[in-house]
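Listed below are the residues making up each chain.
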Amino acid sequence: MSDQLLERGGQLTLDIDPDRLLRRVADLARIGADPVTGGITREGFSTADREARAYLMAQARAAGLAPSVDAAGNIVVRAPGCGEAGDRQVLMMGSHLDTVVNGGRLDGAYGVLAALEVLQTLAHAGLDTVCEPVAVAFANEEGALFPQPFWGSMAVAGRLASLPREPTDHHGRPLREALQLAGGDLDALGSACWQAGSIAAYLELHVEQGPVLERSGSRIGVVEAITGRTVLTLEVRGTAGHSGTSPMEGRSDAMAAAARVVLAAENLAADRQLCRVATVGRLDPHPNTPNTIAGTVRLTVDLRDTDVWRMAGAEQVLRRMLRQIERSTGTEIEVVAETRSDPVSADLRLRAEIERSADGLGLAHEVLPSGAGHDAQVVADLAPIGMIFVPSLGGISHVPEEDSRPEDLVAGARVLLRTAVRVARGTVL
Ligand code: GLV
Ligand code: MN
Ligand code: MN
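Once a new chain begins, its residue numbering starts again from 1 and follows that chain's sequence as written. The lettering of chains begins at A and the numbering of ligands begins at 1, in the order of writing. Two thresholds apply to this predicted model, a pLDDT of at least 70 for residue-level local features and 80 or more for giving and counting side-chain atom pairs, whereas whole-chain, interface and lining totals are computed over all residues. Excluded from the side-chain calculation are hydrogens and water; included are all heavy atoms of the structure.

Student: Is there a simple way to think about the coordination of the manganese ion (ligand 3) in this case?
Tutor: Geometrically, a metal with four donors at the corners of a regular tetrahedron has ideal angles of 109.5 degrees, and one with six donors at the corners of a regular octahedron has ideal angles of 90 or 180 degrees. Each metal's donors are the N, O and S atoms within 2.8 Å of it, or within 3.2 Å when it is Na, K or Ca, and because water is not part of the set, sites may look incomplete. With distances of 2.0 to 2.3 Å, the protein atoms coordinating the manganese ion (ligand 3) are H96 (NE2), D107 (OD) and H206 (NE2). Mapped onto the polypeptide sequence, the residues donating to the manganese ion (ligand 3) form the spacing pattern H-x10-D-x98-H. Here the manganese ion (ligand 3) and the manganese ion (ligand 2) are spaced 3.7 Å apart, and both take D107 as a donor. Note that D107 is positioned in the loop between β5 (90–96) and α4 (109–125) and H206 in strand β7 (residues 199–207), a separation of 99 residues in sequence. The burial state of D107 is the same as that of H206; both residues are buried. In DSSP terms, a helix is any run of H or I states spanning at least four residues, a strand is any run of E spanning at least two, and both are numbered starting from the N terminus. Buried residues are those whose accessible area, probed at 1.4 Å on protein chains only, stays under 20% of the maximum for their type, while exposed residues exceed 50% and partly exposed ones sit between those limits.

This is the structure in structure tokens:
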């Protein structure tokens, strides 16, 4: 396609198909949806997640594109005939299809479907590009079931080398089997790693998940930096026993110890302000019955900050607090899984290009940080990254009510298309 066709009077004439994008968003929202709450549960590598993955692959194939699954379970969609050895650098676009428990329909899914829409649009236009556009659905971004958030992007960045040999989910079931069902292979994770220099840039479109854009009236957010995130999965081990016959003295109550951990995490951020936020969002007591002292409790602690040193300091203090809780409750507390993703900055050239794309579409925009984690912060190990946000209604996310206006979803995808065209044609980096 010639430059004249692409840019008429400085305007891009190429466009996404808004109805197709919104139809796919609605289709995907039915997979894993609870008929009562409307919430969506597609934990990474669960049955519902596999159904969503199959939907994406079918849509890609029907569009004449070539989807494949790497060893980590990431779905990589390319234009047919692309991706042979020694080929061009890629412009990677994507996000994730998995969700939290009882989450919303847009977190992740929107970015994947918009990446597919942009790839389809570019492939059908026959656009000559310096970089090959590729759409990716990263596996298990949320870590809702298997406690390894950013699983797929970590594999792409080669960060899964120090994994325990047989990772399991929160119920002790092996990842090996779940990954295999999704088309991956735990023994070949190294093959999912991309070489430095193979990715020219990574672009991720996402709902904001916070209130900033809605309050200011901006249609587009240009992300300047993404928060750092540490997730520790803890196992508190005490002694189970009869709640009526075991004297208070001498108990080693895993639930009472876990409660102290919850308050220690809150204290770390709210009172001592050692990191921006700290959350215990998951707590799994066993045997979880009213008249038995809990023998074990599994829980997660999620710490976030934009400063890597504060993150490390907060974790160190938390670990000291865990030792004190062990001593005072007679329990053992073990860190059974840990994930760290550093805060990262978006590339200044990609930020400027996203702003230019929004200006070209007459969309008000503003620069803002991301308090949520994204695969982009892991892909940043390998490539410059850019992130585009669209407003979230009521600023809420990770809940069934998460939503955005259709016109904003379309606008975000158009900004992604414009930015992708210029990056892929080599005019930005
Ligand atoms: C990712 O979804 C996060 O929890 O920020
Ligand atoms: Mn999320
Ligand atoms: Mn997300």
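Once you've had a look at it, read on.
Student: Any chance you could explain the coordination of the manganese ion (ligand 2) here in plain terms?
Tutor: Protein coordination at the manganese ion (ligand 2) comes from D107 (OD), E142 (OE) and H398 (NE2), with a distance range of 2.0 to 2.1 Å. Look at where the donors of the manganese ion (ligand 2) fall in the sequence and you get D-x34-E-x255-H.

Student: For this particular structure, what's the right way to read the packing of helix α10 (residues 348–360) against helix α12 (residues 406–424)?
Tutor: Relative orientation and spacing of two packed helices are given, respectively, by the angle between their axes and the distance between those axes. Their axes nearest at 9 Å, the elements α10 and α12 cross at an angle of 125°. As far as their axial angle goes, α12 and α10 are oblique. Pair α10 / α12 crosses with right-handed handedness. Along its contact with α10, which presents L350, E353, I354, R356, S357, A358 and G360, the element α12 presents V415, R418, T419, R422 and V423. What counts as an axis is a line fitted to C-alpha atoms, over the stretch in contact for a helix, and the angles between N-to-C directions run from 0 to 180 degrees. Here is the rule for angles: anything less than 35 degrees is roughly parallel, anything more than 145 is roughly antiparallel, 65 through 115 is roughly perpendicular, and the remaining ranges are oblique. Two helices cross in a left-handed way if the nearer one is turned anticlockwise from the farther one by less than a right angle. They cross in a right-handed way if the turn is clockwise. Throughout, a contact is declared for two residues whenever any of their heavy atoms are within 4.5 Å.

Student: How should I be thinking about the site of ligand 1 in this particular structure?
Tutor: In these notes, residues near a molecule or strand are those with any non-hydrogen atom within 4 Å of it. Every residue lining ligand 1 is accounted for by E141, E142, R229, R304, A372, G373 and H398. Under this definition, polar contacts are N or O atom pairs within 3.5 Å; protein pairs additionally need one hydrogen-donor-capable and one acceptor-capable atom, and for neighbouring residues in sequence, both atoms have to be side-chain atoms. Taking R304, its side chain carries an N or O atom lying 2.6 Å from an oxygen atom of ligand 1. At 2.6 Å from an oxygen atom of ligand 1 is found a main-chain nitrogen or oxygen belonging to G373. The accessible surface values rely on the Shrake-Rupley method and a 1.4 Å probe; as for residues, cover is taken only from the protein chains in view. Here ligand 1 has 190 Å² of accessible area as a free molecule, and 94% of this is covered by the chains. We call Asp, Glu, Lys and Arg charged. Ala, Val, Leu, Ile, Met, Phe, Trp, Tyr, Cys and Pro are nonpolar, and the rest, Gly among them, are polar. By residue class, the composition of the shell around ligand 1 is one nonpolar, two polar and four charged.

Student: Can you help me understand the sheet that holds strand β13 (residues 296–305) in this one?
Tutor: Strands pair in a sheet through their backbones, by hydrogen bonds, and they do so in one of two ways: parallel or antiparallel. The strand order across the open sheet built from four strands is β11-β13-β9-β14, with neighbouring strands paired in antiparallel fashion. At either margin of the open sheet sits one strand with a lone partner, and together these are β11 (277–286) and β14 (332–341). Shown here is a sheet whose adjacent strand axes are inclined to one another by a mean of 15°, direction ignored. The pairing criterion is simple: DSSP has to find at least two bridges between the two strands. Here nine bridges tie strand β9 (residues 228–237) to β14, and the two strands are oriented antiparallel to one another. Counterpart to T230 in the pairing with β14 is R340. Here helix α8 (residues 254–271) sits on the sheet and contacts β9, β11, β13 and β14; the angle it forms with β13, its principal contact strand, is near 5°.

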